[in-house]
Protein chains: 2
Amino acid sequence: MNNKPTLHTSISPALLHLYDLSNSVVVVIDVFRATSTIAAALYNGAKCVIPVDSVPKAIEISKNISGIAAGERDGMIAEGLQHGNSPLEYNRTFIENQTLVLTTTNGTRLLQMALDKNADTIISGSFPNLSAVCDYLMAENKNVVLGCAGWKDRFNLEDTLFAGAVIHTIQKHFTIHCDSSLMAETLYSKYKNKLIEFAPKMTHYHRLVERFGLIEDIQYCLTPDIANVLPVYSDGKLIVRK
Amino acid sequence: MNNKPTLHTSISPALLHLYDLSNSVVVVIDVFRATSTIAAALYNGAKCVIPVDSVPKAIEISKNISGIAAGERDGMIAEGLQHGNSPLEYNRTFIENQTLVLTTTNGTRLLQMALDKNADTIISGSFPNLSAVCDYLMAENKNVVLGCAGWKDRFNLEDTLFAGAVIHTIQKHFTIHCDSSLMAETLYSKYKNKLIEFAPKMTHYHRLVERFGLIEDIQYCLTPDIANVLPVYSDGKLIVRK
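In this text, all values refer to a predicted model and were calculated from it rather than measured experimentally.

Trainee: Explain the overall build of chain A to me, please; I cannot follow it from the model alone.
Mentor: When you go through chain A residue by residue, the secondary structure sums to ten helices and ten strands. The C-alpha atoms of chain A give a radius of gyration of 16 Å, which matches the 18 Å a tight globule of 242 residues would have. Its C-alpha atoms give chain A principal-axis dimensions of about 55 × 40 × 30 Å. For chain A, buried positions account for 56% of its 242 residues.

Here you go:
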């Protein structure tokens, strides 16, 4: 039909196995908050972010390399750690030239799944680095899988909205036969000018704001291009692609 | 907060395990075409529909009870059967007072999953019996899980649109903290007056229409209340609730 690469959206980690990752750039999406925090830390000068799947591993690795161990479980700073998963913690004064060793409930788990399934390339995306992600995907001209981290395998609105934002921007460059992608783009088109007003509808908003008062985190995580770098995964680390 | 029952939407069989079915009415949704065909057959006077998970079982059971064995695999009449999964096959002349023994790729599989997970009650829903489903759910006043059959575990638009139609109609009677449900209702609200015009965007439309020419099936399956009965599962059979 045409020679454009394909684009698919996986709306839950439990559906990731349905897609061929080995020939695709996989965009790991965890808007609240792992991939927003990763963008923030790297934008503010972190040397790299090392995603890991457990708190003990985060502590061990950070000790070995004099890095900063950080992470959350169920929305809170994980037990045993001093730093959490808020993008606002990682300002330049704190994070510049540091290595962040990060463990989270959903985002770092999804990244590990993409690795296990031999993704061709893994990048990290959220609203704070929307344009960097779109520019990269258009330039690479490879197949794309937008991987939403969700919440413990459940579908969530914020990750799907970001997938929709990417699709909205780059759809002309791809062949898209994927109902999830069409749904995501429809959702984003409807709410694109009122993302922050729409946020209280999201179940995760209630978890973060009503339980932990993290309204400023929500606002940061939904602001396009506020930390517009491209984190690419290589050899166990997310680093900025220059 | 309030005493309304809860409503959740499972947008793929691969996510059904995330929901508590044992205290819920589960609505099995396979718009193209199992649950539309079930509504059509029962509306046109079938005694009952027996959903089974394999072609040999459909043949064996239909022989024992002098029923009609029918089913599809990958959109076509299954090998070894004479009747398929088109609602238009089951007009009154053909199906009245008959028992239909039906096996399909997605819908009957999801029904079996709901049974295995001890659903409190299982009913079958599609646009042809939208009002019957909504009336029943409001009257029962129990927790609800809208179960989309999807396509081989992938999300699809048509099942989610039907979930959205149900939510659009009954949402005031339920407590809904579920991002999938909000997405489904948003999607339905956007397309409710142009479902048939929207159909060519669906991947399953291409499977059914471009490969098999089933445009009339699509139109039937997207027409609200054209076969407005309520199929309830009991003792291995779907029968009309009077």
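Here the narrative resumes.
Trainee: Sorry, what's going on with the environment of Arg211(B) here?
Mentor: Residues and elements named next belong to chain B. Within the element layout of this structure, Arg211 appears in helix α9 (residues 203-212). Given 11 C-beta atoms within 10 Å, Arg211 falls into the exposed group. It is 9.0 Å that separates the C-alpha atoms of Arg211 and Gly75, two residues lying 136 residues apart in sequence.

Trainee: I tried to follow the relation of the copies chain A and chain B on my own but got confused; where do I start?
Mentor: Copy one and copy two of the chain differ by a rotation about an axis and a translation along that axis. Expressed as a screw operation, the relation of chain A to chain B combines 0.0 Å of axial shift with a rotation of 180 degrees, fitting to an RMSD of 0.0 Å. On this basis, the relationship between the two copies can be described by a two-fold rotation axis. Interface overlap between copies: 96% of the residues of chain A at the interface are likewise at the interface in chain B, consistent with a symmetric, same-surface contact.

Trainee: Sorry, what's going on with helix α1 (residues 34-43) of chain A here?
Mentor: An α-helical segment advances 3.6 residues per turn. Residues three or four places apart therefore align on the same side. Taking burial as the measure, the ten residues of α1(A) include ten buried ones, the bulk of the element. Positive backbone phi, at 100 degrees, marks Gly45(A), one or two positions downstream of α1(A).

Trainee: Where do I start with the nonpolar core in this structure?
Mentor: What tends to happen in soluble globular proteins is that the nonpolar side chains get buried as a cluster. In terms of nonpolar packing, the biggest core is built from 172 residues, with Val27(A), Val49(A), Leu100(A), Val27(B), Val49(B) and Leu100(B) touching the most fellow members. Here Val49(A) is in contact with Ile38(A), Ala41(A), Leu42(A), Leu100(A), Leu102(A), Pro231(A), Lys237(A) and Leu238(A), once residues within four sequence places are set aside.

Trainee: Looking at this structure, how should I read the interface of chain A and chain B?
Mentor: Much of the literature gives interface size as the accessible area that the parts lose upon coming together. The partner chain B presents 22 residues to the 23 residues of chain A that form the contact. Listed by contribution, the elements that provide at least two residues to the side of chain A that touches chain B are α6 (157-170) and α7 (179-191) of chain A. With seven residues, the single largest contributor to the side of chain A that touches chain B is α7(A). For the side of chain A that touches chain B, a count of residues per class yields eleven nonpolar, seven polar and five charged.

Trainee: So what exactly am I meant to see when it comes to the packing of helix α6 (residues 157-170) of chain B against helix α7 (residues 179-191) of chain B here?
Mentor: Any two packed helices are characterised by how steeply their axes cross, that is the angle between the axes, and by the distance between the axes. Residue and element names in this part refer to chain B. Running from amino to carboxyl end, α6 crosses α7 at an angle of 90 degrees, the nearest separation of the two axes being 7 Å. Considered as vectors, α6 and α7 are oriented roughly perpendicular to each other. Across the interface between the two elements, Thr160, Leu161, Ala163, Gly164, Ala165, Ile167 and His168 of α6 pack against Ser181, Ala184, Glu185, Leu187, Tyr188, Ser189 and Tyr191 of α7.

Trainee: Would you mind going over the packing of helix α5 (residues 130-140) of chain A against α6(A) with me for this structure?
Mentor: All names here are of chain A. Between α5 and α6, the shortest axis-to-axis distance is 10 Å and the interhelical angle comes to 50 degrees. Taken as axis vectors, α5 and α6 run oblique relative to one another. The handedness of the crossing between α5 and α6 is right-handed. Contacts from Leu130, Val133, Cys134, Leu137 and Met138 in α5 reach Ala165, Val166, Thr169 and Ile170 in α6. The residue makeup of the contact of α5 with α6, split by class, is eight nonpolar, one polar and no charged.

Trainee: What is the right way to read the confidence of the model for chain A from this model?
Mentor: Low pLDDT marks regions whose predicted coordinates should not be analysed in detail. Summarising the model, chain A shows a mean pLDDT of 95, and 99% of its residues fall at 70 or more. Both scores are available for the predicted complex, with the pTM at 0.95 and the ipTM at 0.94.

Trainee: What exactly am I supposed to notice about unusual backbone geometry here?
Mentor: Note on backbone geometry: most residues besides glycine have negative phi, and most peptide bonds are trans. Residue Arg33(A) is bonded to the preceding Phe32(A) through a cis peptide linkage, with omega at 5 degrees. Among the structural elements, Arg33(A) can be located in the loop between β2 (24-29) and α1. Positive phi, close to 50 degrees, is recorded for Lys152(A), a residue that is not glycine. On the secondary structure map, Lys152(A) appears in the loop between β8 (143-148) and α6. Here the phi dihedral of Asp153(B) falls at roughly 75 degrees; this positive angle occurs in a residue that is not glycine. Here Asp153(B) is to be found in the loop between β8 (143-148) and α6. Note on Asp153(B): 16 C-beta atoms within 10 Å, which makes it partly exposed.

Trainee: Would you explain helix α4 (residues 107-116) of chain A in this entry?
Mentor: Those residues of α4(A) not exposed but buried are Gly107(A), Thr108(A), Leu110(A), Leu111(A), Met113(A) and Ala114(A). Backbone geometry just after α4(A) places Asn118(A) at a positive phi near 60 degrees.

Trainee: Just checking my understanding: could you explain the environment of Leu18(A) for this structure?
Mentor: Mapped onto the fold, Leu18(A) is located in the loop between β1 (7-10) and β2. Judged by local crowding, Leu18(A) falls into the partly exposed class, with 18 C-beta atoms found within 10 Å. Along the primary structure Leu18(A) and Asn64(A) are separated by 46 residues, whereas in three dimensions their C-alpha atoms are 37 Å apart. Setting aside residues no more than four positions away along its own chain, Leu18(A) makes contact with Asp153(B) and Arg154(B).

Calculation notes
Residues numbered from 1 in each chain as written. Chains lettered and ligands numbered in written order. Predicted model: local features only at pLDDT ≥ 70, side-chain atom pairs only at ≥ 80, totals over all residues. Helix = DSSP H or I, 4+ residues; strand = E, 2+ residues; numbered from the N terminus. Rg over C-alpha atoms; globule rule 2.2 N^0.38 Å. Buried ≥ 20, exposed ≤ 12 C-beta atoms within 10 Å, placed from the backbone. Least-squares fit on C-alpha atoms with pLDDT ≥ 70 in both. Contact = placed C-beta atoms within 7 Å. Core = buried A, V, L, I, M, F, W, Y, C linked by C-beta atoms within 7 Å. Nonpolar A, V, L, I, M, F, W, Y, C, P; charged D, E, K, R; others polar. Axes fitted to C-alpha atoms, helices over the stretch in contact; angles between N-to-C directions. Parallel < 35°, antiparallel > 145°, perpendicular 65-115°, else oblique. Left-handed = near helix turned anticlockwise from the far one by under 90°. pLDDT = per-residue confidence, 0-100.

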